[in-house]
Structure formats: C-alpha cells, structure tokens
Amino acid sequence: MASNMEDNTNHARRRRHIRSINMKVSRPVYTEHEFQQGYEQNDLDQSASMRVRQFVGQQRCTLSSVKSFMTGRFPIFKWLPAYEVRQNLLSDIISGLTVGTMRIPQAMAYALLAALPPVYGLYVAFFSVLCYTITGTSRHISLGTFAVVCIMTGQAIDRILSDPSNGTEAATEGSINDENNDLQRVYVASALALAVGIAQMLMGIFRLGFVTIYLSEPLVRGFTTGAAVHVFTSQFRHLFGIRVQRSTGPFSLVRGYIEFFSKLSQVNVAAVITSIITISFLVAINEIRDFLRHRGTHVVIDGVRQRVREPRRNIPVPSELIVIIVATVISYFGHFNDNLGLAVVGNIPTGIPAPRLPSLGYFSVLIGDAIAIAIVGFAVSISMAKIFAKKHKYEIDANQELLAYGSCQIFGSFFNCFPVSASLSRSLVQDVSGGKTQLAGLISSLIVLLVLLLIGPLFTDLPKCCLASIIVVALAGMFRQVKDLVLLWQVSTYDFLIWMVTCLSTILLGVDIGLAIGVVFSLMTVIIRTQQPYSSIIGRIPGTDIYRDINYYEAAEQVPGIKIFRSQSCLCFVNAEYFKNSLYSKVFKKKQRRGTSDTINGNGLNGTQPHNGNEGTPQSSSETSELSSLSGAITSSDSPLHTVIIDCSMFSFVDMVGLKTLHSIVDHCCKKEIHVVFAGCKVATREALLQYFDRLNDHTIGLDHMYLTVHDAVLHSQHLPITPTTSHTEVTFPATRQESASVEAQVSLMSARNGKVDHQVSSV
C-alpha cells in the first residue's frame, strides 16, 4: 500500500512538471536600426593605444601593490600567515608522512625510466616539492616524478647520447653503472630540466596557459595510454633480468620487443620470481584497500546500483615502502647480487649535491623535447590542480602555476634534477589522507631529505626488479583508460578516432612524434567539421515563434515566399564556398523533369525530402492544389520566392572571405529581385557586415535589413513587396499548414516601422 501511494505521488509530481505554460508576448517588430534607436548600444571598442594608456595608468608602486605582487608570485606568504594550526596541522602531518613514504620508492623507481641512477629521483622528490610549496597555488597536487614525463626524458637522453655528432655513444645495460656514463646522462637531464623550466616560465610570463586547450581529454588519455605501453616495455629488462640496449626513434618499441625475445633464453629466474611475488603482493594490497574503502558505499535498489555514501578516507597502506624494505633485507642477507646475479641499485651517496650550472651545450638539440615535455607536464598538472580546486572549492591561477612549474624545473636543474610534473597517484593519496595545504608536501620532502642524509646507503642491495614491479603496478590506472573507447564510440566518432590515432602513433612512432600527430589530427577534425557544417532550411512550429529544421521536425512549416537558411558554424575561408553552394542548392531548387512535380514539405521548395515515406512518388496537379488549399501553402509556381532570411545566430565570427561570400549572395539575389535579410546577428558580425558594405558603397544591406530574431524577420518580410515596385499595408500572422484553423492571433500593421507582434506561445 505504501509503495502504491509513493508511486501515485511520483506520478502526480511528474504531471505537475509537464503541464503546459502559456505565454503571451506583445512587442514591436524590430529591425536592428529600430532597436538601436530605442535602446542605445554602449561603445565597448577601444583602440590599442587607449588600452595601453589605461593599463599604464593603473600601475602604481605602492606598498599594497608590492604586497599584492609578492603574494601573487609567492603564495606561501598569503596562506602561511593565515594557517589554522588546530584544524589543519595534524591532518597535514599525517598526510605528509603518508605521501613521504610513498615518494621514496616511486622516486627511485621512476629514475630508472629516465635512464638515471635511483638517487637522482630522490633529488627530484626533495627539491621540486620544496620549491612548489613556496610558489604553487594548488593545495593538493604532489609535484615530483611522473611516469610519462620520465619516459619522455629517458628517450630524449638516449637520443642525444646515441647521436655520434654530439660526441657520445649509446649506453647499454652493461655500462649503466659506469660513472662517466651516468654523469653524462645527468648532464643531459639537468640541461633538459633547465630548458623545460625556461619554456614554462616564458609561457607563464606571456600568459600562454591557453595552449593546453589544444590537448583535448581524448588526446591526453590516448597519449598517456600509449606512453604507458612504452613505460611497461622499458621495464621488461629489469623484470626478466635481461640486458637489452635502449633504442630510440620511430618503431623503437618494435625493435625493443624483437631484441627482447631474441634474448629470452638469458632470463634470470631469480628476477622473474622476485617480480612475480612483488607484483602479486602490490596488486593484492591495492585490491583489498579499494574493497575496504568502497565497502558499503553502494546498494542495489530495483536492480540499479546506487551510491549511498562517500568512500572512506582511510590512510593508505605504504605497500611500496614495505616492498623495498623487505626486498632490501632479504637481498642483503641472501647476497642476491653475488649468488643469483640479481641487479641491485648499488651505491647511494649521502648528502645533497652541490649546486652547479647545467650544461648549456645541449640546448640546441633539446628544444623540441623541452617544449613537448613543458606542454605535457603542464597539461597533466593543471588538470589535476583544477580537479582538486573544484572539489575543495578554492581558486588556482593557471599562469602562476606555469611560473611555479618553471621555477621548480630551473631550481632543480642546478641540483642534478630531471623534469618534473604532478603525480596523480600521490596527489590522490595526499587528498585522501587528509592533506589541507602544501605544508603536507613540505613534510613529505623532509622524509626524503632524511633518506638522503642518513638512510640512503641502506638501500644499496635493493633489487631493481622490485622497483620495476612498482612501476608496472602503478600503470594499471593508465591502462584502464582503454575503457574510454566504448563510450567515445557511442558518443563521438571523432573523439574515438583522436584517442586511437594518438595512442597508436605514440606506441609506434614514439612519445614526441605521437603527441605531435595527435595534436595535428585533433585540429584536423575541427577543420573538417568546420569545412562542411550542417546547414538546413528551417520552418516555424505552428502557434509559436519557434523555428526548427524541417528535416527533423515534421510540424515545422515554411512561410510562403520566404526561405530561412541556417548554417551551424562560423563563416570563414574554410567553409565560405560550401556555405554559398549549400544555400543555392536549398533555396533555389532546380526544376524537375517534365511529368513530375515538386514534393511539398511545408510551404515551399527546399531541396529536401519529406518524411512521409513517399519519396520519389510524383504528385498530380490536383493533389498539389488540394494540399495547398488545405494548408494555406502555395507552391513555387503560385507564390514566387521574394525573401531569403539568413539566420546568423550560429556565426561566432565572419572573416573577409565570408563577407565576400555574403556580398556575392546578396548581389545574386538582387538580380533575381529577391530580398536578402539577416537575423540574429551578433555585434561583431553586424559591425563587420556594415563596414564591409559601406566600404564598397553598396547600400543594399544596412541596419534596416537586419533583425533581432528570425521571427521579426519573417513578420516584417510578410509585407515586403513581391517585387520592388509593389507594397502592402496590412499583414496577417504568417499562416502555416497546421495553424491556419487554430491560431486566433492576428497582426495588423500600418507600417513595418510601427508594427506590433501579438502572439501566443505554448511550451511544455
């Protein structure tokens, strides 16, 4: 009984929401000229010199402006004095300790991706966070090593060192512990970090943060998935204990697999067993943690899984730290390096490296890699920063973030650091563990400092296959992005293709070329969709002032003698010719062969097929006459076309080629004694049209040929003369097939200037 009453209540509530609401509007029929006479438009356009003078006049060297500048460039001076100790300190300490224990294994593991000794990952984990705490505006992202940026860095280093023109040779796995080779790699990595920092600083100074809009979400997710394949493949030699030479360039992944399988007989069994045990442990811990965190958060109601509460905010188990501690202890007492030939980390020096100037000789060959890493790193970092800012309801400054990332890169390059970016996994842990401010990041960097000063040498016997296992498990989230393809295929074919092309090109051609191809292909899809936009003839829904595409709405009726053309795009050089051809083909339909007659869809000829399923069936003249008399519509032979209305509401902008196209259309119609008017023009479009026709001394188009809405244009066009020599003084409401017997409103106008619109609109 209770369920039936609840269902009845829900049905009644739905009925209340869908009842009809009647609206009656009475106002003059406005041209743009008449509207501007009654409502003056503000002049917002200013010359460049005026804007420069206003900007210079606003600059004042006062104490408040200096303070604002300092807090803007160094946000720590803003949030640290207002820090709420009682509410935030304990949470930040717990979060900092949690993230710090996670930083240590990830930093050492991801340094291998960059083809560098693990200790340099610890340097990155310390210096980058220290700098970002001072300059960053996000409270939750965790800056440091990131898999995609590390693999891009490693490939750049390999490419430079494998080029004989640089005076270097490719390094093999057997020489990775060679001190001179390691130093050479460090010099290239620090120079790359400096170049990336300069690129990001320049982007921030010139406010070029908008460049990331060209990296759409399907592109970024496809790129990171492809890069994850490179990361996964690069760890095979550590997981299986095989010495494989690193290769760069297009199809390097294919060459790497060929070499790997050719040396499969050299597999180190101890490395394989250790990797399997490590991966199994990490996966099990992650699954158990996710299960406990989400347990009880969803229930099944009527066969539908629904969320009933948010997941628990438990402190994550430091599984990676447990792995490296246990593996180091077992490897040390079992002498895995000597007895089983298991590759280990080796000597980790204590202390902080002395600052030095990065090698500037590599700048000329690192520009392309630096720009790619700068854009990718910023896109990933700012995306995560915006997610956390929206979740916790605070603001971030994208340009200041660019300056912060750039300063971290430049500062770290003087201490042998490689390029950095925000890490999704650590940022999520910092948020879930209760972090409130970047003080949590500062505490996590102090944990890394403790390792650098005291504990570092204890990890000498840590097997590299354990670090590789940590990397492989961390890639699970990136590989899950393949699920995007199902939704993209259902929603947008173009986005599906962007994802696939970017991912496959990244896998086959490399991360740098793959990213470039993805960006170019993404822009090409925009051009393709702009080049041939959808255009149609629109008609009026009976009894309303609503106009819809007659191809999609059978109720939409055309007004006799009037064609309303709409193109759903801007009008520029890319689609100007297509726009003109589409308008001509839909408005001026060619005569059919003898023995057939035009099929009526509404009240005129539009070049489209009706929706009654009788396409191609010729109609007799008696049938056509009967249909016309019932609907009030008149065929083209009885009611010649006298007005073409171009709906400009979709025009975001019109360039010079578009203006020339519109002028050509107006000139062509004038020769046929057909009026052309514009409706729904935006300010920029209207001003461009007026200036262009004024420069040509062509007065066929002015403010009196532009209307606020399509409905204004239709009503006014009813008493435009059929030919320029005739005129009308009275006009009735535009009749359509379905409304001739139902619409009671009637408009009686003595002139187009003083006419009134009085109509009734029913909406559901």
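Residues numbered from 1 in each chain as written. Predicted model: local features only at pLDDT ≥ 70, side-chain atom pairs only at ≥ 80, totals over all residues. Heavy atoms only, no water.

Asker: Please explain the overall build of the chain as it appears in this structure.
Answerer: The number of helices and strands found in the chain is 29 helices and 12 strands. When the 764 residues of the chain are sorted by exposure, 48% land in the buried category. In the chain, 79% of the contacts between residues at least 6 apart in sequence involve partners at least 24 apart. (Helix = DSSP H or I, 4+ residues; strand = E, 2+ residues; numbered from the N terminus. Buried < 20%, exposed > 50% of the residue type's maximum accessible area, 1.4 Å probe, protein only. Contact = heavy atoms within 4.5 Å.)

Asker: What exactly am I supposed to notice about the packing of helix 25 (residues 576-587) against helix 27 (residues 656-671) here?
Answerer: Packed helices, taken two at a time, are described by their axes: the angle between them and the distance between them. Remark: helix 25 packs on helix 27, axes separated minimally by 9 Å, with the N-to-C direction vectors making an angle of 25°. By the angle between their axes, helix 25 is roughly parallel relative to helix 27. Relative to helix 27, helix 25 is oriented so that their crossing is right-handed. When helix 25 is examined against helix 27, the residues Ala576, Phe579, Lys580, Leu583 and Tyr584 are found in contact with a partner set consisting of Val657, Gly658, Thr661, Leu662, Ser664, Ile665 and His668. Among the residues making up the contact of helix 25 with helix 27, the classes are represented as seven nonpolar, four polar and one charged. (Axes fitted to C-alpha atoms, helices over the stretch in contact; angles between N-to-C directions. Parallel < 35°, antiparallel > 145°, perpendicular 65-115°, else oblique. Left-handed = near helix turned anticlockwise from the far one by under 90°. Nonpolar A, V, L, I, M, F, W, Y, C, P; charged D, E, K, R; others polar.)

Asker: Help me understand the pairing of strand 9 (residues 643-647), please; the structure alone is not making it clear to me.
Answerer: The side chains of a regular strand alternate, first on one face of the sheet and then on the other. Of all five residues making up strand 9, five are buried, and the element is well covered by its neighbours. Here strand 9 shows a buried face lined by Thr643, Ile645 and Asp647 and a second buried face lined by Val644 and Ile646. Pairing of strand 8 (residues 562-567) with strand 9, which is carried by five bridges, proceeds in the parallel orientation. Of the residues in strand 9, the one forming a bridge with isoleucine 564 is isoleucine 645. Bridge count for strand 9 against strand 10 (residues 675-679) is five bridges, and the pairing is parallel. (Pairing = 2+ DSSP bridges.)

Asker: Can you help me understand unusual backbone geometry in this one?
Answerer: The phi angle of most residues is negative, glycine excepted, and most peptide bonds adopt the trans form. Even without being a glycine, alanine 115 presents a positive backbone phi close to 60°. Among the structural elements, alanine 115 can be located in the loop between helix 6 (85-113) and helix 7 (118-135). Positive phi, normally seen in glycine, also occurs at arginine 207, with a value near 55°. Tracing the sequence through the fold places arginine 207 in the loop between helix 9 (179-205) and helix 10 (217-234). Assessed through its relative accessible area of 54%, arginine 207 is described here as exposed.

Asker: Would you mind going over the pattern of salt bridges with me for this structure?
Answerer: Note on pairing: side chains with opposite charge can pair once their charged atoms come close. Summed over the entire model, instances satisfying the criterion amount to 10 salt bridges. For arginine 27, the salt bridge identified is with aspartate 712, shortest N-O distance 2.8 Å. Of this pair, arginine 27 sits in strand 1 (residues 21-28) while aspartate 712 is found in helix 29 (residues 710-717), placing the two residues 685 residues apart along the sequence. Notably, a salt bridge pairs aspartate 484 with arginine 221, separated by 2.4 Å at the nearest N-O pair. Highlighted residues: aspartate 484 in helix 22 (residues 484-491) and arginine 221 in helix 10, separated in sequence by 263 residues. According to the relative accessible area criterion, aspartate 484 is buried, its value standing at 18%. A relative accessible area of 27% means that arginine 221 is categorised as partly exposed. The network of salt bridges with common partners includes Glu32, Arg686 and Glu687. (Salt bridge = Lys/Arg side-chain N within 4 Å of Asp/Glu carboxyl O.)

Asker: What exactly am I supposed to notice about the confidence of the model for the chain here?
Answerer: Detailed conclusions should not be drawn from predicted coordinates in areas where pLDDT is low. For the chain, the average pLDDT comes to 79, and 78% of its residues sit at 70 or higher. Between residues 11-18, whose pLDDT stays under 50, and residues either more than four places distant or in other chains, the model counts one contact. Confidence over residues 721-764 falls short of pLDDT 50; this stretch has 113 contacts with residues more than four positions distant or in other chains. (pLDDT = per-residue confidence, 0-100.)

Asker: What exactly am I supposed to notice about the side chain of serine 234 here?
Answerer: If you trace the backbone, serine 234 turns up in helix 10. Judged by relative accessible area, serine 234 falls into the buried class, the value being 11%. A polar contact of 2.7 Å, which involves the side chain of serine 234, links it to the backbone oxygen of valine 231. For serine 234, the contacting residues outside a window of four places in its chain are Leu113 and Ile151. (Polar contact = N/O pair within 3.5 Å; in protein donor to acceptor, adjacent residues only side chain to side chain.)

Asker: Would you mind going over the sheet that holds strand 10 with me for this structure?
Answerer: Where strands meet in a sheet, backbone hydrogen bonds hold them as pairs that are either parallel or antiparallel. Across the sheet, six strands lie side by side as 7-6-8-9-10-11; this open sheet has mixed pairing. Edge positions in the open sheet fall to strand 7 (547-549) and strand 11 (706-707), since each of these has one partner strand only. Pairing analysis gives three bridges linking strand 6 (residues 535-540) to strand 7, with the strands arranged antiparallel. Note that in strand 7 the partner of glycine 539 across the bridge is arginine 548.

Asker: Would you mind showing me how to read a nonpolar patch on the surface here?
Answerer: Judged by side-chain polarity, Val66, Phe69, Met70, Phe74, Phe77 and Ile134 come together as a nonpolar surface patch covering roughly 510 Å² of accessible area. Locating phenylalanine 74 in the fold gives a position in the loop between helix 4 (63-73) and helix 5 (76-79). (Patch = residues over 30% accessible without salt bridge, like charges linked within 9 Å, V, L, I, M, F, W, Y side chains within 5 Å. Areas by Shrake-Rupley, 256 points an atom, 1.4 Å probe, with all protein chains shown as cover.)

Asker: Hey, could you run me through the pairing of strand 8 in this one?
Answerer: Counting buried positions along strand 8 gives six out of six residues, so the element sits mostly inside the fold. In strand 8, alternate side chains face the same way, and those of Ile562, Ile564 and Arg566 on one face and Lys563, Phe565 and Ser567 on the other are all buried. Strand direction decides the pairing type here: strand 6 and strand 8, joined by three bridges, are antiparallel. Counterpart to isoleucine 537 in the pairing with strand 8 is phenylalanine 565.

Asker: Is there a simple way to explain helix 14 (residues 319-334) in this structure?
Answerer: For helix 14, spanning 16 residues, the distance from its first C-alpha to its last is 22 Å, which sits close to the expected 22 Å at 1.5 Å a residue. Burial in helix 14 covers these residues: Ser319, Glu320, Leu321, Val323, Ile324, Ala327, Thr328 and Ser331. Taken from the residues just after helix 14, histidine 335 is the one with a positive phi, measuring 50°. (Expected span 1.5 Å × (residues − 1).)

Asker: Is there a simple way to explain the nonpolar core in this structure?
Answerer: For soluble globular proteins, the rule of thumb is that nonpolar side chains tend to be buried together. Of all hydrophobic cores here, the largest spans 104 residues; its most connected members are Met108, Met152, Phe418 and Leu467. With 14 residues, helix 16 (residues 363-392) is the largest single contributor of residues to this core. What methionine 108 contacts, discounting residues up to four positions off in sequence, is Pro118, Leu122, Val345, Ile348, Phe459, Leu462 and Leu467. If you look at the next biggest cluster of nonpolar residues, it comprises 31 residues, including Tyr584, Cys681, Tyr692 and Met706. (Core = buried A, V, L, I, M, F, W, Y, C linked by side-chain atoms within 4.5 Å.)

Asker: Just to check I follow, could you spell out the side chain of lysine 563 for this structure?
Answerer: With respect to the secondary-structure elements, lysine 563 resides in strand 8. A polar contact is formed between the side chain of lysine 563 and the side chain of glutamine 558, at a distance of 3.4 Å.

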